Amino acid sequence: MRQVSTQILSGATDGSITGSAQPTQQWVSASFQIGCNGLDEAGTVKLQGCNDNGVASNWSDIPNATSAVSSGVGPMILLANMAFCYVRAVYTRSGGGASNKTLTVQANGLSI
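None of these values were measured; they are calculated from a predicted model. (Residues numbered from 1 in each chain as written. Predicted model: local features only at pLDDT ≥ 70, side-chain atom pairs only at ≥ 80, totals over all residues. Heavy atoms only, no water.)

## So, the side chain of Q22
So, step 1. Relative to the helices and strands, Q22 is located in strand 3 (residues 22-23).
So, step 2. For Q22, a relative accessible area of 16% puts it in the buried group. (Helix = DSSP H or I, 4+ residues; strand = E, 2+ residues; numbered from the N terminus. Buried < 20%, exposed > 50% of the residue type's maximum accessible area, 1.4 Å probe, protein only.)

Right under this line is the structure:
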């Protein structure tokens, strides 16, 4: 087993953000940490999975993989069992934020 750490989302908090597809074919489990460099961001971060071969295009929300962000902080999302070809994070802004503030999602996967 080995750990894989990668940033799957990064963008300005003055709008909603959709991360790019992260290949996860070898991941067994993973944690996702939300980070903000501002204090007034508000919204939700959800994880989506895709099982397409090749180009990822059919995304579905992963059950119980949503985190509310308030005052620039959101709880960690844990996925104990992963069977997706790809995963991505989506931030939906509901208030606050600024063009000079950034929201990120860092993934730490356990891979075979």
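## Concerning the pattern of salt bridges
So, step 1. Throughout the structure, instances matching the rule amount to one salt bridge.
So, step 2. Between D61 and K46 there is a salt bridge, with its nearest N and O atoms 3.3 Å apart. Taken together, the residues span a long stretch of sequence, with D61 in strand 6 (residues 60-70) and K46 in strand 5 (residues 42-50) at a distance of 15 residues.
So, step 3. Classification of K46 by relative accessible area gives partly exposed; the value is 24%. (Salt bridge = Lys/Arg side-chain N within 4 Å of Asp/Glu carboxyl O.)

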